[in-house]
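# Close look at the chain arrangement
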There are 4 protein chains.
Amino acid sequence: MKIKAGIIGATGYAGVELVRLLLSHPNVELKAVSSVSYEGKKISDVYPNLKEICDMQLQNEEIIEVCDVIFTSLPHGLSEKFAKKCLEKGVKMIDLGADFRLDSAEEYTKWYNKTYEELALHEQSLYCIPELHRGLYKGQPIIGNPGCYPTSIALGLAPSIKSGIVVDNSIVIDSKSGVTGAGRGLADNTHYPNCNEAFSPYKVASHRHTPEIEQTLSKLAGKNVNVTFVPHLLPLNRGIVSTIYFNVVGKTDAKTLRAMYKEFYKDEKFVRVLDLGEVANLRNVKFSNYCDISIHYDEHTNRAVVVSTIDNMVKGAAGQAIQNMNIIFGLSEDSGLNYIPPAF
Amino acid sequence: MKIKAGIIGATGYAGVELVRLLLSHPNVELKAVSSVSYEGKKISDVYPNLKEICDMQLQNEEIIEVCDVIFTSLPHGLSEKFAKKCLEKGVKMIDLGADFRLDSAEEYTKWYNKTYEELALHEQSLYCIPELHRGLYKGQPIIGNPGCYPTSIALGLAPSIKSGIVVDNSIVIDSKSGVTGAGRGLADNTHYPNCNEAFSPYKVASHRHTPEIEQTLSKLAGKNVNVTFVPHLLPLNRGIVSTIYFNVVGKTDAKTLRAMYKEFYKDEKFVRVLDLGEVANLRNVKFSNYCDISIHYDEHTNRAVVVSTIDNMVKGAAGQAIQNMNIIFGLSEDSGLNYIPPAF
Amino acid sequence: MKIKAGIIGATGYAGVELVRLLLSHPNVELKAVSSVSYEGKKISDVYPNLKEICDMQLQNEEIIEVCDVIFTSLPHGLSEKFAKKCLEKGVKMIDLGADFRLDSAEEYTKWYNKTYEELALHEQSLYCIPELHRGLYKGQPIIGNPGCYPTSIALGLAPSIKSGIVVDNSIVIDSKSGVTGAGRGLADNTHYPNCNEAFSPYKVASHRHTPEIEQTLSKLAGKNVNVTFVPHLLPLNRGIVSTIYFNVVGKTDAKTLRAMYKEFYKDEKFVRVLDLGEVANLRNVKFSNYCDISIHYDEHTNRAVVVSTIDNMVKGAAGQAIQNMNIIFGLSEDSGLNYIPPAF
Amino acid sequence: MKIKAGIIGATGYAGVELVRLLLSHPNVELKAVSSVSYEGKKISDVYPNLKEICDMQLQNEEIIEVCDVIFTSLPHGLSEKFAKKCLEKGVKMIDLGADFRLDSAEEYTKWYNKTYEELALHEQSLYCIPELHRGLYKGQPIIGNPGCYPTSIALGLAPSIKSGIVVDNSIVIDSKSGVTGAGRGLADNTHYPNCNEAFSPYKVASHRHTPEIEQTLSKLAGKNVNVTFVPHLLPLNRGIVSTIYFNVVGKTDAKTLRAMYKEFYKDEKFVRVLDLGEVANLRNVKFSNYCDISIHYDEHTNRAVVVSTIDNMVKGAAGQAIQNMNIIFGLSEDSGLNYIPPAF
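This part covers the pairing of strand β14 (residues 303–310) of chain D. Among the eight residues that make up β14 of chain D, eight are buried, leaving the element largely enclosed by the rest of the structure. Linking two consecutive strands that pair antiparallel, namely strand β13 (residues 291–298) of chain D and β14 of chain D, is a turn of four residues; a positive phi of about 55° is found at Asn302 of chain D within it.

What follows is the structure, given as structure tokens:
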């Protein structure tokens, strides 16, 4: 018996990546796809890469009841109503948007200019980066799927934060993302001639992923953790590199740090801690669910540098959502996720 | 019982793409990989995308006897000796290089400056684009896997050539290939700053794929077919687009032409004939074994324009080699090849 | 006394390229810039590359009377009214749009779905690729500045057409343009993730530049010339490569052809006929007013291949417009156009 | 009387950029170019963009005596001998390599594995970022032209360092450079398919520009300044973005910081301090000698973020070398450097 899955918001970038991955999942039947913008069209008319592979018609939101699990991939502020319906119907929901990521209703309102309308829903949800939070899964019906930047950063910092070696207020995170991270919507800064042969940060120290990052790190630390987070737009399609800097309590060296990471992730298939001397490159994780982490240490300033890279559309969105689905349905976490990153 | 496969020349671009695809093939065990340049190293040291996925050690050529099938991916002139060994050991061989593509020893010498040393070997080999030549497979122990440009072009022209509508000597083929087509070797024209934001043809009307293209078309036509073939280097990694022009005998229209193609390929999973008004884009076939073909007709010059696109590393190399392996071993032709092209 | 120049439509891509080039022209004072979309803003707010270099305020169309020459860079159908005003005020006008390119009102209506409202205006205009048409300049007050594709193609074909060696109905033109050719407007096909690592033709045998190309070639030939013209979108910012194929009357060879081109362009600074064995690459003309042409000959099909490349924004738009302005005002044709293409 | 200039190492990337800029300089005659690798060839055979513009023959090093100024653009360890000759002949020398950047012979040996053979030469040289060091020019015959990363960083930090607001040991510099920064030599990491759609840091906290950065900052501060410096390779041709983080003594805000920068650079043509809310993008300085700086402040961590961007080949190499030449010869500093960055 296959899991019947549906996608609400299937024509956004994360949505169509979910389509691709779910179609290849051995335990899933992609039952229905919906899209407000393209209702009635075939999804392969919108994304011709899917021609003759998935010619399903895009429906409206009434797909919930025929599914066992619903993935929502929507602009913030739109997911609560679907969560409510899912709960009523006993359907699991995995939200790839921002509506089930922040515990604090105040923070959500501050950063997203929206309000949690149904607080009870949020109490039944779990924010889940599997490698860090799978132990907290107790049957919650709603999963808040993490953001792309926060995933790369939390995986890159968790071992250090948990071990207590990070000097307070010393964390600087310089992240760079491919353009798919900006989504399908047309905008001046993603118009090809503006974006090609160009590079700059954006939303400097003011990106909405900041509270999500700090929430995760603070929980891991057992105390309040603040970071300076600056994202940049890379002229390429896929992948995030987060270069993470922090000062170390006492003295250490790269070898010790690297051993700590290796131990922390020793049972994690999707986290590859590189050897000393290797440097994480988004090229090596593209189109896969891997997170590659390399460890460096600047002795003369006593500062650690951790480089963490993921494919923003897979481990940073659709792949991690499926990993969460696998947890919910008791499957092996890597089911349907054994993509080998291509060499080029 | 899985098919035991080995790759000679595993660290070239086609070789490492074979590694990736064979590792995911449900009926194959990747038994051994060899490389002259990197013997003794782990393949994941050369290609870190494979880290923890395939850490096999690169061997020398003595891998033949432990395998059921050997893929050779070598510069021209080096495959005959492996073919001989494979024949002796009863091992099937699929050659991704140029040594088993041309029937005529003279043409081979003219274009490649090498000589067929063992003519008997070539009599036991089959040049095979499955959609066009699978009917000719009668157990030949050696397969000459077609070149990337010739695959895109033969699939784009076959229905027209076979139907007899192509005016003699009217075929112009303007092809454009991504840079992986130039392979792994360093060269001035593939140095990033020379290649990025640059575009030009190369080997104008003198590319080595010309005789292979003409051989295939001539056989389909039952008479000698000459073409003007000009390849160009595109500033992107993967994919070939061949824009093919020819004059039509009598008059026709796009609808009639398109119907003919649709009929010709009606049972072919990997050839997608687009609807009228759609235009083939390499974006929609990347990382997959599909060939997308769109049909256009310029009424005012009575000239057909066929656009044919493939991923040069998959349908143009490693994917087609596996499709040929599937034929040899009686598997479904799409075994291990059900890759869905990503939307981006 | 400097020439006072104004630009109507200064915030489009050709417009802002004109701003850049005119600011460096030793005989020009950029007097005023106008833009419907951004009236009242500083042009450097729209294009921050101009910050502190040109902070002029964008005005409305009332800039004509303070200028000696007006450049219009507008969507088709909008230039006639400005031409009329310019004529009334005795101001020269150079139109970078499509409204003064086609002699035939019928063709204009057929391809652009608009009508020439004031036929008299068109009788006072000159379509001018300087290398081919400067002899026709007799003080016409309006210049129809040629399109980018037609410029690359006419320069690539003129010597052959004029010499009578081109077989009737044998011309195939496969052109490839960088994305700036599509202009500033946002569109799905120029959204970065759709355009990057992608390639395809568009408007196959139906692009609006076709009648302009045929008009120029027919006049050169003294008889009707038809071509098949297929443009493609290249994933890079600037530059056009036109690969032009035609059959040759009788027999010839590359050396003879090349000598003919060299002679034809012997006094032309901006046309560089490459040596035999060299291949024109858009990389070598970017950011300059040069047109590079390489000559090839396919003996076995008796077909010539001419590769012609320009920077679509300079020789294909703003640079050629300034070259035309220099003709009007009796300046050396290369005034303000001595840009050296960078190596990278 | 024009300044007679020569270039030793003219076929490297900085060398050929110098050729381009010097050819357009109104006060310079490019007298001679030399190249070990290509002696005897025309420079336009090596760089066909220069065809018919500069067809000078590449000579050997014996060009010094016919010049007033020599630019050396060589691998480290090779410049001293030319400096000695220049001194003997009374010819000025501007070294674009690393041999005259570091005051400390020990540091030079530590980072470059070479030795200063002639200490006296170094005492007669000046390291000069004009905006920071022009006051130190007292006729020194040798100029050590700064590195690309150090230029972007020193200009980004100077106002803060000099004002004393930077907390000790808090500086983190995350820089990203286009691929021309890696030069002309072929290497695996600059092979197009390895570099395109890829991104990673390199030489993490171990790049040779680190001591140069710290030397400049320490002199500005009047005390020892250490930084963590991590460079990254961007998949584009030109430009550097340095994102610079530091903690602020006491409290401040973006407006105050920005006003300080604006005041510091109020007379500097080539440094553009952006308005609050704007973000520096390498797109806006490409092909020009500008350095754009944007100022940001993260209140919740009390950390400043300064973004500094230059064209690595112009302000980071050849342009700054010409700016230094202008100082030596008493010309206006912007002579021959009034390039307007193109919009795309």
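All names here are of chain D. Within this structure, the stated rule accounts for 88 salt bridges over all chains. Among the salt bridges present, the one from Lys84 reaches Glu118, with a minimum N-O distance of 3.0 Å. With Lys84 in helix α3 (residues 79–89) and Glu118 in the loop between α4 (105–112) and α5 (119–123), the pair connects residues that are 34 residues apart, well separated along the chain. When its relative accessible area of 37% is taken as the criterion, Lys84 is described as partly exposed. A salt bridge links Asp292 to Arg272; the shortest N-O distance between them is 2.7 Å. Within this pair, whereas Asp292 is found in strand β13, its partner Arg272 is found in strand β12 (residues 271–273), the two being separated by 20 residues in sequence. For the pair formed by Asp292 and Arg272, the shared burial category is buried.

Turning our attention to the packing of helix α1 (residues 13–23) of chain B against helix α11 (residues 314–328) of chain B. Helix-helix packing: each pair is described by the crossing angle between the helix axes and the interaxial distance. Residue and element names in this part refer to chain B. The geometry of α1 relative to α11 is characterised by a closest axis approach of 9 Å and an angle of 50° between their N-to-C directions. When the axes of α1 and α11 are compared, the pair comes out oblique. The two elements α1 and α11 meet at a crossing, and its hand is right-handed. Between α1 and α11, the residues in contact are Ala14, Glu17, Leu18, Leu21 and Leu22 and Val314, Ala317, Ala318, Gly319, Ala321, Ile322 and Met325, respectively. Across the contact of α1 with α11, the residue classes tally to ten nonpolar, one polar and one charged.

A separate point is the interface of chain A and chain D. Taken together, the contacts link 45 residues of chain A with 45 residues of chain D. Summed over both partners, the interface of chain A with chain D comes to about 3,600 Å²; 57% of that surface belongs to carbon and sulfur atoms. Summed over the three residues of chain A that lose the most area to chain D, namely Glu197, Phe199 and Tyr245 of chain A, the buried surface amounts to 18% of that side. The interface formed by chain A and chain D includes two salt bridges. Between Lys176 of chain D and Asp174 of chain A there is a salt bridge, and its shortest N-O distance comes to 3.1 Å. Applying the counting criterion to the chain A and chain D interface returns 34 residue pairs in polar contact (both at pLDDT 80 or more). Mapped onto the side of chain A that touches chain D, the elements with two or more residues apiece are β8 (172–177), α8 (192–195), β9 (200–201), α9 (209–221), β10 (228–233), β11 (240–247), β13 (291–298) and β14 (303–310) of chain A. Per element, the largest residue contribution to the side of chain A that touches chain D is four residues, and it comes from β8 of chain A. For the side of chain A that touches chain D, a count of residues per class yields 22 nonpolar, 14 polar and nine charged.

Tracing the backbone through its elements, the reader meets Tyr265 of chain B in the loop between α10 (254–264) and β12 (271–273). Of note is the side chain of Tyr265 of chain B, whose polar atom sits 2.5 Å from the backbone oxygen of Leu155 of chain B.

Across the contact, 35 residues belong to chain D and 35 residues belong to chain C. In total, about 3,000 Å² of surface goes out of reach between chain D and chain C, with carbon and sulfur atoms giving 58% of it. The tally of links between chain D and chain C comes to six salt bridges. Its salt-bridge partner being Lys262 of chain D, residue Glu52 of chain C comes within 3.7 Å of it at the nearest N-O pair. For the interface between chain D and chain C, the tally reads 14 residue pairs in polar contact (both at pLDDT 80 or more). If you list the elements that add at least two residues to the side of chain D that touches chain C, you get α1 (13–23) and β12 of chain D. A per-element tally of the side of chain D that touches chain C places α1 of chain D first, with five residues. For the side of chain D that touches chain C, the residue count by class is 19 nonpolar, six polar and ten charged.

Expressed as a screw operation, the relation of chain D to chain C combines 0.0 Å of axial shift with a rotation of 180°, fitting to an RMSD of 0.0 Å. Each copy turns onto its partner about a two-fold axis. The C-alpha atom lying nearest the rotation axis in chain D is that of Glu197 of chain D; the distance is 4.4 Å. Taken together, the interface assignments show that 100% of the residues at the interface of chain D recur at the interface of chain C, consistent with an identical surface on both copies.

This next bit is on the pairing of strand β2 (residues 28–34) of chain B. All names here are of chain B. Most of β2 is tucked away: five of the seven residues are buried. Alignment of strand β1 (residues 3–8) against β2, held across six bridges, turns out to be parallel. Directly across from Ala5, in β2, lies its bridge partner Leu30. Bridging between β2 and strand β3 (residues 58–59) involves two bridges; their strand directions are parallel. The residue of β3 that forms the bridge with Val33 is Leu58.

Attention shifts here to the domain arrangement of chain A. All names here are of chain A. Taken domain by domain, chain A comprises domain 1 (3–145 + 315–328) and domain 2 (149–312). Computed over C-alpha atoms only, the centres of domain 1 and domain 2 are separated by 25 Å. Facing the 27 residues of domain 1 at the interface are 32 residues of domain 2. Interface area for domain 1 against domain 2, summed over the two sides, is near 2,400 Å², with a carbon-plus-sulfur share of 53%. Linking domain 1 with domain 2 are four salt bridges. Residues Lys219 and Asp103 are paired through a salt bridge, measuring 2.6 Å at the closest nitrogen-oxygen approach.

Each copy of the sequence occupies a distinct position, and chain A is placed on chain D by a rotation of 180° and an axial shift of 0.0 Å, giving an RMSD of 0.0 Å. Interface overlap between copies is the fraction of interface residues in one copy that are interface residues in the other; for chain A against chain D it reaches 100%, indicating a shared surface.

Here we come to α1 of chain D. With respect to burial, α1 of chain D is a largely interior element, ten of its eleven residues being buried. Burial in α1 of chain D covers these residues: Tyr13, Ala14, Gly15, Val16, Glu17, Leu18, Val19, Arg20, Leu21 and Leu22 of chain D. The inward-facing, buried residues of α1 of chain D contact α8 (192–195) of chain B together with β1 (3–8), β2 (28–34), α2 (43–46), β4 (69–72) and α11 (314–328) of chain D.

Rules and cut-offs
Residues numbered from 1 in each chain as written. Chains lettered and ligands numbered in written order. Predicted model: local features only at pLDDT ≥ 70, side-chain atom pairs only at ≥ 80, totals over all residues. Heavy atoms only, no water. Buried < 20%, exposed > 50% of the residue type's maximum accessible area, 1.4 Å probe, protein only. Helix = DSSP H or I, 4+ residues; strand = E, 2+ residues; numbered from the N terminus. Pairing = 2+ DSSP bridges. Salt bridge = Lys/Arg side-chain N within 4 Å of Asp/Glu carboxyl O. Axes fitted to C-alpha atoms, helices over the stretch in contact; angles between N-to-C directions. Parallel < 35°, antiparallel > 145°, perpendicular 65-115°, else oblique. Left-handed = near helix turned anticlockwise from the far one by under 90°. Contact = heavy atoms within 4.5 Å. Nonpolar A, V, L, I, M, F, W, Y, C, P; charged D, E, K, R; others polar. Buried area = accessible area lost by both parts, 1.4 Å probe. Polar contact = N/O pair within 3.5 Å; in protein donor to acceptor, adjacent residues only side chain to side chain. Least-squares fit on C-alpha atoms with pLDDT ≥ 70 in both. Domains from an automatic or database assignment.

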